[in-house]
Amino acid sequence: MIKLQNFINGNYIAPTSNEYIDNFEPATGQVYSLIPDSDERDVEMAVQAAEKAFPIWSKMSSEERSKILVKLSEGIEARMDEFVQAESRDNGKPVSLAAHVDIPRAVSNFHFFATAITHFASESHYMEGEGINFTLRKPIGIVGCISPWNLPLYLFSWKIAPALAAGNCVVAKPSEITPYTAYLLGQVAKDAGMPDGVLNILHGLGSKVGDAIVKHKKIKAVSFTGGTKTGEYLARTAAPMFKKLSLELGGKNPVIIFDDCDFDEMLSTTIRSSFANQGQICLCGSRIFVQRTIYDKFKTAFVEKVNKAIVSNPTDPKANMGALVSLPHLEKVLSYVELAKEEGGTVLTGGTRVQLEAPYDNGYYMRPTVIEGLAFDCRTNQEEIFGPVVTITPFDTEEEALMMANSTEYGLQTTLWTNDLKRAHRIADEAQSGIVWINCWMVRDLRTPFGGTKSSGVGREGGWEALRFFTEPKNVCIKY
Ligand code: NDP
């Protein structure tokens, strides 16, 4: 049995409680590792280590920090296969997905921010005849980074890379459901020459150790990705302490398909945007609106393609989809299929658990599911399911499509398929979301602002936005 440990002050150590939590392998439904059940005492140790390290790390030149972060990114690359296997085993995603998306992106995150910091510049404001202002951007101090289970190392590194590049010391917590690659990262950081105490990684329950990170007075900023309800709680807790907060929360993203789109490209991309990572990506499009003129053609072609999807154990090279992340999550997703039926929906395909052969017979597998016949404002179409379930709905006019697309409390991303340039501009302008993809999906440039509006979050990650979040601006005014 693998026993994970916290990484504090450059050392792997047991949690103060000496208690551990079972970690299940989604592919088999069996416990395969034990996770430290950390609490506020471990957070205190991590904060003390970070406090000691801060003067060293923050006063290092950005070029020196950059070199260490480049080495860190190369360190993950050198152990690519180990990280890929670990991510797939912990999360249930196909090995091929971890190999092509998750781990390469974690490598890129570190490399991107390692180099970005050497180009980061601040503003100056000239006052005619009077003087000049310039903005100093200093690291904040100790920051907290809390990430979810769906893209474990990808999202963990998306936060800690800019935080470290900007000169902060970090106390970070991955999801207790998928801690393994974050655990491996500690050693890679040490091997890259990162001073002890700069990066501290704690494991355990969100409600215990996560909460203690958010509540610690010396942690001045928290970058969080996770569910909207958790985000609400974090905001309530952190606001009275005037902490800087970045919240990347849930989504219920629309896909709007017009009859003038490139049909084949749209179809294959819509399969991915619906079911990649078992539909457990915050950017997946789960409400598909199709112009009525091509609704039947789309429905037939889409369902036919979905039926060909191979749900298999994550190590099967043919697997298009692996296991969902946990039994409670699988049960939640299946309960939404029942809700959809109660709300008058028709399940066109899927909707059921998949039983594989031993040793995968207790794994959390589900058929990709397509539902039609639901009102745009029913619960199935308004609440985040975060699994391999999409609904399809016809529309007649652009106005109607936009109204339905914008009707949820969420606003993370909108995907649009059309070759009408003017319409594309109009909808991009009116879509209530932080991201709009036109004739594509998940095309990512790490320089762009990333995040959502409405209940999908507050603040933006990516590029300068992240480096600005992790620095404190100070205006210096000099009179002539
Ligand atoms: P949760 O909100 O349950 O958890 C996210 C992280 O917060 C986990 O590490 C969790 O720990 C921790 N946590 C839970 N409670 C607290 C607390 N009280 N104080 C501090 N930390 C806490 O989300 P999930 O892990 O279930 O992730 C799925 C959600 O994430 C979906 O809603 C999805 O849309 C969203 N998401 C958003 C993205 C975006 O960019 N907008 C990207 C990816 C996902 P633990 O695991 O131990 O509970």
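Worth saying up front: this structure is predicted, and the values here are computed from it rather than measured. (Residues numbered from 1 in each chain as written. Predicted model: local features only at pLDDT ≥ 70, side-chain atom pairs only at ≥ 80, totals over all residues. Heavy atoms only, no water.)

A. Representation of the site of the ligand within the structure. Near the ligand you find 33 residues, and of these Glu176, Thr230, Leu249, Cys282 and Glu384 are the closest. Separating an oxygen atom of the ligand from a backbone N or O atom of Ser147 is a distance of 2.7 Å. Residue Asp211 places a main-chain N or O atom 3.4 Å away from a nitrogen atom belonging to the ligand. Counting atoms within 2 Å of the grid points, the majority share of the ligand lands in the largest pocket. For the shell around the ligand, the secondary structure elements donating two or more residues are helix 7 (206-215), strand 11 (219-225) and helix 8 (228-238). Counting residues per element, the shell around the ligand draws most heavily on helix 7, which supplies five residues. Grouping the constituent residues of the shell around the ligand by class yields 15 nonpolar, 13 polar and five charged. (Near = heavy atom within 4 Å. Polar contact = N/O pair within 3.5 Å; in protein donor to acceptor, adjacent residues only side chain to side chain. 1 Å grid on protein atoms, 1.4 Å probe; cavity = no way out; pocket = protein on both sides within 12 Å on 5 of 7 lines; lining within 4 Å. Sits in = over half its atoms within 2 Å of the grid points. Helix = DSSP H or I, 4+ residues; strand = E, 2+ residues; numbered from the N terminus. Nonpolar A, V, L, I, M, F, W, Y, C, P; charged D, E, K, R; others polar.)

B. Focus on the pairing of strand 7 (residues 131-139). With four bridges connecting them, strand 6 (residues 124-127) and strand 7 associate as antiparallel partners. Bridge assignment links His125 to a residue of strand 7, and that residue is Asn133. Linkage of strand 6 to strand 7, two consecutive antiparallel strands, is achieved through a turn of three residues, within which Gly129 is found at a positive phi near 75 degrees. When strand 7 meets strand 25 (residues 471-479), the two strands line up antiparallel, connected through nine bridges. Looking across to strand 25, one finds that Arg137 is bridged to Pro473. (Pairing = 2+ DSSP bridges.)

C. Highlighting the layout of surface pockets. Of the volumes computed, that of the largest pocket is approximately 1,100 Å³. Around the largest pocket, the lining is made up of 43 residues, and of these Trp149, Ile177, Gly226, Gly227 and Thr230 lie nearest the centre. Contributions of two or more residues to the lining of the largest pocket are made by strand 4 (20-25), helix 7, strand 11, helix 8 and helix 11 (327-342). Partitioning the lining of the largest pocket into residue classes produces 19 nonpolar, 15 polar and nine charged. Counting the residues that make up the lining of the largest pocket, at least three belong to each of domain 1 (2-249 + 456-479) and domain 2 (253-445). (Points joined across faces, edges and corners; volume = space filled by probe spheres on them. Domains from an automatic or database assignment.)

D. Fine view of the sheet that holds strand 19 (residues 389-395). The strand order 15-18-19-14-13-21-22 describes an open sheet built from seven strands, whose pairing is mixed. Of all the strands in the sheet, just strand 15 (346-349) and strand 22 (435-438) have a single pairing partner and so form its edges. When strand polarity is set aside, the average angle formed by the axes of neighbouring strands in this sheet is 25 degrees. Examined bridge by bridge, strand 14 (residues 285-291) and strand 19 share five bridges and lie parallel to one another. Note on strand 19: the bridge partner recorded for Arg287 is Thr391. Most of the contacts of helix 10 (residues 295-307) go to strand 19, to which it runs at about 165 degrees, and overall it touches strand 13 (253-257), strand 14, strand 15, strand 18 (369-372) and strand 19. (Axes fitted to C-alpha atoms, helices over the stretch in contact; angles between N-to-C directions. Contact = heavy atoms within 4.5 Å.)

E. Here's a closer look at empty space enclosed by the protein. A complete count under the given rule lists six cavities of 30 Å³ or more for this structure. By volume, the largest cavity amounts to about 110 Å³. Looking at the lining of the largest cavity, the elements with two or more residues in it are helix 9 (263-275), strand 14 and strand 19.

F. Main features of the pattern of salt bridges. Throughout the structure, instances matching the rule amount to 19 salt bridges. Between Arg137 and Glu123 there is a salt bridge, with the nearest N and O atoms lying 4.0 Å from each other. Placement of Arg137 in strand 7 and of Glu123 in the loop between helix 4 (95-116) and strand 6 is noted, with a sequence separation of 14 residues between them. A salt bridge links Glu304 to Lys308; the shortest N-O distance between them is 3.9 Å. (Salt bridge = Lys/Arg side-chain N within 4 Å of Asp/Glu carboxyl O.)

G. Summary view of the packing of aromatic side chains. Tallied over the entire structure, the rule returns 13 aromatic pairs. Pairing Phe113 with Trp158 gives two aromatic rings, centres 5.8 Å apart and planes at 55 degrees, and the pair type is tilted. In this pair, Phe113 sits in helix 4 while Trp158 sits in helix 5 (residues 152-165), placing the two residues 45 residues apart along the sequence. Sitting above the plane of the Phe469 ring, Lys244 keeps its charged end 5.3 Å from the centroid. (Phe/Tyr/Trp six-rings, centres within 6.5 Å; stacked < 30°, edge-to-face > 60°. Lys NZ or Arg CZ within 6 Å of the ring centre and 35° of its normal.)

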